[in-house]
Amino acid sequence: MVDSETSVIVLQGGGALGAYQGGAVEALTAAGRPIDWVAGISIGAINSALIAGNTPDTRVKALRSFWEGVSSSSAADGPLFSGLSRGWLNDLSAAGTTVSGVPGFFRLRLPPAVIMPPGTAAARSFYDTSPLRETLLKLVDFDLINDGGVRLSLGAVNVETGNMTWFDSTETRIRPEHIMASGALPPGFPAIEIDGAHYWDGGLVSNTPLQYVLDEEMPAEDMCVFQIDLFSARGALPSSVWTSEAREKDIRFSSRTRYNTDMMRRLHETRVAARRLFEKLPPELKADPDARALRTGYTEARITIAHLIYRQNRYEHQSKDYEFSRRSMLDHWAAGAKDVELTLSHPEWKARHDASERVQVFDLTE
């Protein structure tokens, strides 16, 4: 039952599309779903911190404050351009982001990085992300995160080793720098220094934390994971170079959710078969170390994964992940809420506890 499940939310990276995750969390909260653990990368890390760093009654307000703030300055939302098509409006908004930045998130460096002396901080990125730090300090209660409430896991890449690093509140005292590191996508954003090492956006290695969650340990209790993705691996054949760029970005940044869940299902089935085989062994063989190893990792717990994927509108182009207009933010937010509502009300979801399978994956919004 829901009360005995460990509820996990896994948030992919995807820039401006992250408002979809905000809408999804709002709908989950309205449905009374608890949150025990949240894991994120890039914009998913920011949303994750807003969730874990607020109480259940304030987290949606914090998410809304962030997304309303970063979508507050797009000229494309003004009456001057009301006659343009939605596609042109989005491109105009994205152009504004490129030349100025996003309030409360990042701003263009002046003088520009390309003319600054190599080795200086100003030469390492086109934008300054210090506004994000101030926003996080305003909207996130770091004491709440570090006092052991909702578990928070953030993925970043060590610039010098190229290895994925996970900052987990069960092991690390989370600071604004850990969140900023997870979203430090070069060359736009600067690497973030943490304890003498420098980190870039975790999406450079893996754009979803799902594998980290599944690899941590086979749960002793039932686990329900809401995997909220911002890029769809599936899509139509592009009809032009412009749509090709958008499709390439979808493929490059889409998560390996289906691969990960298929591997998890096969591993679970193998462990169950190994346990059955162990029970058939004679007593003298059950004492053998190799035989005892067959029981390792076995669990009776049920694992349920609800896969929610943002699917772009016809008018969205390759700039969709850095197009921060208020109009688009509200569309993305509404799409996330709608997909959660469709999933939670679907007959297959409602009957999931009646299934014999221990591992179930649902994608119910198409």
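None of the values given here were measured: they were computed from a predicted structure.

Glancing now at the overall build of the chain. Broken down by element type, the chain carries 14 helices and 12 strands. Viewed in the frame of its principal axes, the chain has a C-alpha envelope of about 80 × 50 × 45 Å. By residue count, 50% of the 366 residues in the chain fall in the buried class. In the chain, 73% of the contacts between residues at least 6 apart in sequence involve partners at least 24 apart. A total accessible area of about 17300 Å² is found for the chain, and carbon and sulfur atoms account for 55% of it.

Attention shifts here to the packing of helix α4 (residues 86-100) against helix α13 (residues 326-345). Where α4 contacts α13, the two axes come as close as 10 Å, and the packing angle between them is 110 degrees. Here α4 is positioned roughly perpendicular relative to α13, judged by the angle of their axes. Between α4 and α13, the residues in contact are Arg86, Leu89 and Asn90 and Arg327, Ser328 and Asp331, respectively.

What follows is about the sheet that holds strand β3 (residues 101-102). Overall, antiparallel pairing links the 3 strands, which are arranged β3-β4-β5 in an open sheet. Each edge of the open sheet is held by one strand with a lone partner, namely β3 and β5 (127-128). Taken together, the 2 bridges between β3 and strand β4 (residues 106-108) define a ladder with antiparallel strand orientation. Paired with glycine 101 across the two strands is arginine 107, which belongs to β4.

So, about the environment of alanine 16. Mapped onto the fold, alanine 16 is located in the loop between β1 (6-11) and α1 (19-30). Distance from alanine 16 to valine 70, taken between C-alpha atoms, is 8.9 Å for residues 54 residues apart in sequence. Once residues within four sequence positions are removed from consideration, alanine 16 is found in contact with Trp67, Lys320, Asp321, Tyr322, Glu323, Phe324 and His332.

Residues lying three or four places apart along an α-helix face the same way, a consequence of the helix completing one turn every 3.6 residues. With 13 residues, helix α9 (residues 241-253) extends 18 Å from end C-alpha to end C-alpha; this agrees with the ideal 18 Å at 1.5 Å per step. Of all the positions in α9, only Ala246, Arg247, Lys249, Asp250 and Phe253 are classed as buried. The buried residues of α9 occupy an angular sector of 155 degrees when the element is viewed end-on, so they sit on one face. Every exposed residue of α9 that faces more than 90 degrees away from the buried side is listed here: Val241 and Ile251.

Judged by nonpolar contacts, the single largest core of 68 residues is most densely connected at Ile9, Ile46, Phe66, Trp67, Phe105 and Phe226. Looking at this core element by element, the count peaks at 7 residues for helix α2 (residues 43-52). In this view, tryptophan 67 contacts Gly15, Ala16, Gly18, Ala19, Ile43, Asn47, Phe324, Met329 and Trp333; residues no more than four positions away in its chain are not counted. Counting residues in hydrophobic clusters, the runner-up holds 14 residues, among them Ala39, Leu210, Val213 and Ile305.

Attention shifts here to the packing of α2 against helix α3 (residues 59-70). Running from N to C, α2 and α3 point in directions that differ by 140 degrees, and their axes come no closer than 8 Å. By the angle between their axes, α2 is oblique relative to α3. Contacts between α2 and α3 involve Ile43, Ile46, Asn47, Leu50 and Ile51 on the former and, on the latter, Arg59, Ala62, Leu63, Phe66 and Trp67. Residues that form the contact of α2 with α3 fall into these classes: 8 nonpolar, 1 polar and 1 charged.

Moving on, we come to the side chain of arginine 59. With respect to the helices and strands, the residue arginine 59 is situated in helix α3. Buried arginine 59, no salt bridge; nearest opposite-charge side chain is aspartate 57, N-O distance 7.9 Å. Within the structure, the side chain of arginine 59 is placed 3.5 Å from the backbone oxygen of asparagine 54, a separation counted as a polar contact. Residues contacting arginine 59, with those up to four places away along its chain left out, are Ile35, Leu50, Ile51, Asn54 and Val150.

Let's shift gears to the pairing of strand β6 (residues 151-158). With respect to burial, β6 is a largely interior element, 8 of its 8 residues being buried. Bridging between strand β2 (residues 37-40) and β6 involves 4 bridges; their strand directions are parallel. When the sheet's bridge partners are listed, alanine 39 is paired in β6 with serine 153. The sheet contact formed by β6 and strand β7 (residues 164-168) spans 5 bridges and is antiparallel. Bridged to leucine 154 within β7 is phenylalanine 167. Of the strand pairs in this sheet, β6 and strand β9 (residues 197-201) are connected by 3 bridges, and their pairing is antiparallel. Among the inter-strand pairings, alanine 156 is bridged to a residue of β9, identified as aspartate 201.

Once their charged atoms are close, side chains differing in charge can pair, the charge on each being opposite to the other. Evaluation of the coordinates by the stated rule reveals 15 salt bridges. Of the charged contacts in the structure, one is a salt bridge between aspartate 331 and arginine 86, with a shortest N-O distance of 2.8 Å. Placement of aspartate 331 in helix α13 and of arginine 86 in helix α4 is noted, with a sequence separation of 245 residues between them. Here aspartate 331 falls in the partly exposed class, since its relative accessible area comes to 30%.

A few words on unusual backbone geometry. With the exception of glycine, the majority of residues adopt a negative phi angle, and the majority of peptide bonds are in the trans configuration. Between leucine 110 and the following residue, proline 111, the backbone shows a cis peptide bond with an omega angle of 0 degrees. With respect to the element layout, proline 111 can be found in the loop between β4 and β5. Omega for the bond connecting proline 186 with proline 187 falls within 30 degrees of zero, at -5 degrees, which places this linkage in the cis form. As for its placement among the helices and strands, proline 187 is situated in the loop between α7 (176-182) and β8 (192-194). One non-glycine residue, serine 42, adopts positive backbone phi at about 60 degrees.

Quick notes on the rules
Throughout, residues of each chain are indexed from 1 in the direction in which the sequence is written. Local features in this predicted model are restricted to residues whose pLDDT is 70 or higher, and side-chain atom pairs enter the listing and the counts only when it is 80 or higher, whereas totals over whole chains, interfaces and linings include all residues. Where side-chain values are given, they derive from all heavy atoms of the structure, hydrogens and water being excluded. Only DSSP runs of H or I covering at least 4 residues are called helices, and only runs of E covering at least 2 are called strands; the numbering of each starts at the N terminus. Exposure categories follow from relative accessible area, calculated using a 1.4 Å probe and restricted to protein chains: below 20% of the type maximum is buried, above 50% is exposed, and the middle band is partly exposed. Throughout, a residue-residue contact means that at least one pair of heavy atoms, one from each residue, lies within 4.5 Å. Computed with the Shrake-Rupley method and a 1.4 Å probe, the accessible areas treat only the protein chains shown as cover for residues. Between the N-to-C directions of two axes lies an angle of 0 to 180 degrees, each axis being a line fitted to C-alpha atoms and, for a helix, fitted only over the stretch in contact. Under this scheme an angle from 65 to 115 degrees is roughly perpendicular, one under 35 degrees roughly parallel, and one over 145 degrees roughly antiparallel; angles in between are oblique. In this scheme, strands are said to pair when DSSP sees at least two bridges between them. By definition here, a helix of n residues has an expected span of 1.5 Å times n minus one. In this description, the arc belongs to the directions extending from the helix axis to the C-beta atoms. Put simply, buried Ala, Val, Leu, Ile, Met, Phe, Trp, Tyr and Cys residues joined by side-chain atoms within 4.5 Å make one nonpolar core. Under the scheme applied here, ten amino acids are nonpolar (Ala, Val, Leu, Ile, Met, Phe, Trp, Tyr, Cys and Pro), four are charged (Asp, Glu, Lys and Arg), and all others, including Gly, are polar. As used throughout, the charge tally considers Lys and Arg to be positive and Asp and Glu to be negative, leaving His and the chain termini uncounted. We define a salt bridge as a contact between a side-chain nitrogen of Lys or Arg and a carboxyl oxygen of Asp or Glu at a distance within 4 Å. Two N or O atoms form a polar contact when they lie within 3.5 Å of each other; inside protein one atom must be a possible hydrogen donor and the other a possible acceptor, and for residues adjacent in sequence the pair counts only when both atoms belong to side chains.

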